[in-house]
Amino acid sequence: QKEVEQNSGPLSVPEGAIASLNCTYSDRGSQSFFWYRQYSGKSPELIMSIYSNGDKEDGRFTAQLNKASQYVSLLIRDSQPSDSATYLCAVTGNYGQNFVFGPGTRLSVLP
Amino acid sequence: DVKVTQSSRYLVKRTGEKVFLECVQDMDHENMFWYRQDPGLGLRLIYFSYDVKMKEKGDIPEGYSVSREKKERFSLILESASTNQTSMYLCASSLLTAGNQPQHFGDGTRLSIL
């Protein structure tokens, strides 16, 4: 059974701080990694994808991947109250068919 | 931009009714998925399809069936709705390539079974 684990939170950070969200996965053959943001009552929205070891930056977001440790993280710099949401980590192997979502981490950014 | 459209945002049905949830995507994606999402349980995969007329069971297929007669459309059917099927239903689609494309979601259907 492929598993993706995340701390459920809530993770509370003050406005302007760095929020760090973590995800571990069990399938060593996993190839692609995604972060989704989900606001309450809404559907998940893709915010980052990462395929190779190292860091990938997009605006205030940085995804970090370490395949040897089976670990992927998302950093949000200069956190804003509008970043308050649940963040889902997703992992897949080849051809996108074994797509596994983590349970999500709820982030609260306090003004 | 990928557009995944679910036919209803909110739906109220009665126990025992046959319920159809429709999903259409406009990006010629091969893969389509149906999930349900409940508080504290995360996203759970009901069924997925990687081609027309093809379907695979997910983690919780009991009480559901699906239909994929055209590439762009994937329907979820509740054969005889029960109250424990009250949930948020999410449709998603993705490309079938070795590049491992992400899933893109529709807005969801919040289904209440009375």
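Residues numbered from 1 in each chain as written. Chains lettered and ligands numbered in written order. Predicted model: local features only at pLDDT ≥ 70, side-chain atom pairs only at ≥ 80, totals over all residues. Heavy atoms only, no water.

Things to note about the sheet that holds strand 8 (residues 71-76) of chain A
Residue and element names in this part refer to chain A. Worth spelling out the cut-off: At least two DSSP bridges between two strands are needed for those strands to be called paired. In DSSP terms, a helix is any run of H or I states spanning at least four residues, a strand is any run of E spanning at least two, and both are numbered starting from the N terminus.
Reading across the sheet, the five strands line up as 1-3-8-7-6 and stay open at both edges, with antiparallel pairing between neighbours. Each edge of the open sheet is held by one strand with a lone partner, namely strand 1 (4-5) and strand 6 (54-58). Bridge count for strand 7 (residues 61-66) against strand 8 is six bridges, and the pairing is antiparallel. Bridging from a neighbouring strand, Phe61 pairs with Ile76 of strand 8.

A short note on the packing of aromatic side chains
Working definition: an aromatic ring pair is given by the centre-to-centre distance plus the angle between the planes. Basically, it comes down to this: Only rings of Phe, Tyr and Trp enter the pairing, Trp through its six-membered ring, and a pair is recorded when the two centres are within 6.5 Å. The plane angle decides the type: under 30 degrees is stacked, over 60 is edge-to-face, the rest tilted. Burial classes: relative accessible area under 20% of the type maximum marks a residue as buried, over 50% as exposed, and values in between as partly exposed (1.4 Å probe, protein chains only). Geometrically, a lysine NZ or arginine CZ counts as sitting over a ring once it is within 6 Å of the ring centre and also within 35 degrees of the ring normal.
Evaluation of the coordinates by the stated rule reveals 12 aromatic pairs over all chains. With a centroid separation of 6.3 Å and an interplanar angle of 25°, the aromatic rings of B:Phe33 and B:Tyr35 are classed as stacked. Classification of B:Tyr35 as buried rests on a relative accessible area of 2%. Through a chain of ring-to-ring contacts, three or more aromatic side chains come together here, namely A:Phe34, A:Tyr36, A:Tyr51, A:Phe99, A:Phe101, B:Phe33, B:Tyr35, B:Phe48 and B:Phe105. Over the aromatic face of A:Phe61 sits the side chain of A:Arg60, whose NZ or CZ is 5.6 Å from the ring centroid.

Things to note about the environment of A:Val100
Examined against the element boundaries, A:Val100 turns out to sit in strand 10 (residues 100-101). Once the C-alpha coordinates of A:Val100 and A:Ser82 are considered, the two residues, 18 residues apart in sequence, prove to be 26 Å apart.

Some thoughts on the nonpolar core
To keep things clear, this is the line we draw: The nonpolar core is taken to be a set of buried Ala, Val, Leu, Ile, Met, Phe, Trp, Tyr and Cys residues, with the residues joined through side-chain atoms within 4.5 Å. Any pair of residues with heavy atoms lying within 4.5 Å of one another is described as a contacting pair.
By size, the foremost hydrophobic cluster in this structure holds 23 residues, and its most contacted members are A:Trp35, A:Val72, A:Leu74, A:Ile76 and A:Tyr87. For this core, the elements supplying multiple residues, two or more each, are strand 3 (19-25), strand 4 (32-38), strand 5 (45-50), strand 7, strand 8, strand 9 (85-92) and strand 11 (105-110) of chain A. If near-sequence neighbours (up to four positions away) are discounted, A:Leu74 is found in contact with A:Ala19, A:Ser20, A:Leu21, A:Trp35, A:Ile47, A:Met48, A:Phe61, A:Thr62, A:Ala63 and A:Tyr87. B:Met32, B:Phe74, B:Cys91 and B:Leu111 belong to the second largest nonpolar core, which has 20 residues in total.

Considering the state of the cysteines
Quick note on the threshold: Cysteine sulfur pairs qualify as disulfides if the two atoms are within 2.5 Å.
In total, this model carries two disulfides over all chains according to the counting rule given. Residue A:Cys23 pairs covalently with A:Cys89 via a disulfide, S to S 2.1 Å. Between A:Cys23 and A:Cys89 the sulfur-sulfur dihedral comes to about -70°; the bridge is accordingly left-handed. With a gap of 66 residues between them, A:Cys23 in strand 3 and A:Cys89 in strand 9 connect regions that are remote in the sequence. In this pair, the class of A:Cys23 matches that of A:Cys89, namely buried. Paired by a disulfide, B:Cys23 and B:Cys91 hold their sulfur atoms 1.9 Å apart. Classification of the bridge connecting B:Cys23 and B:Cys91 rests on its S-S torsion, roughly -75°, and on that basis the disulfide is left-handed. Linking B:Cys23 in strand 3 (residues 19-25) with B:Cys91 in strand 9 (residues 87-94), this pair joins segments that are 68 residues apart in sequence.

That is the geometry; function is a separate question.
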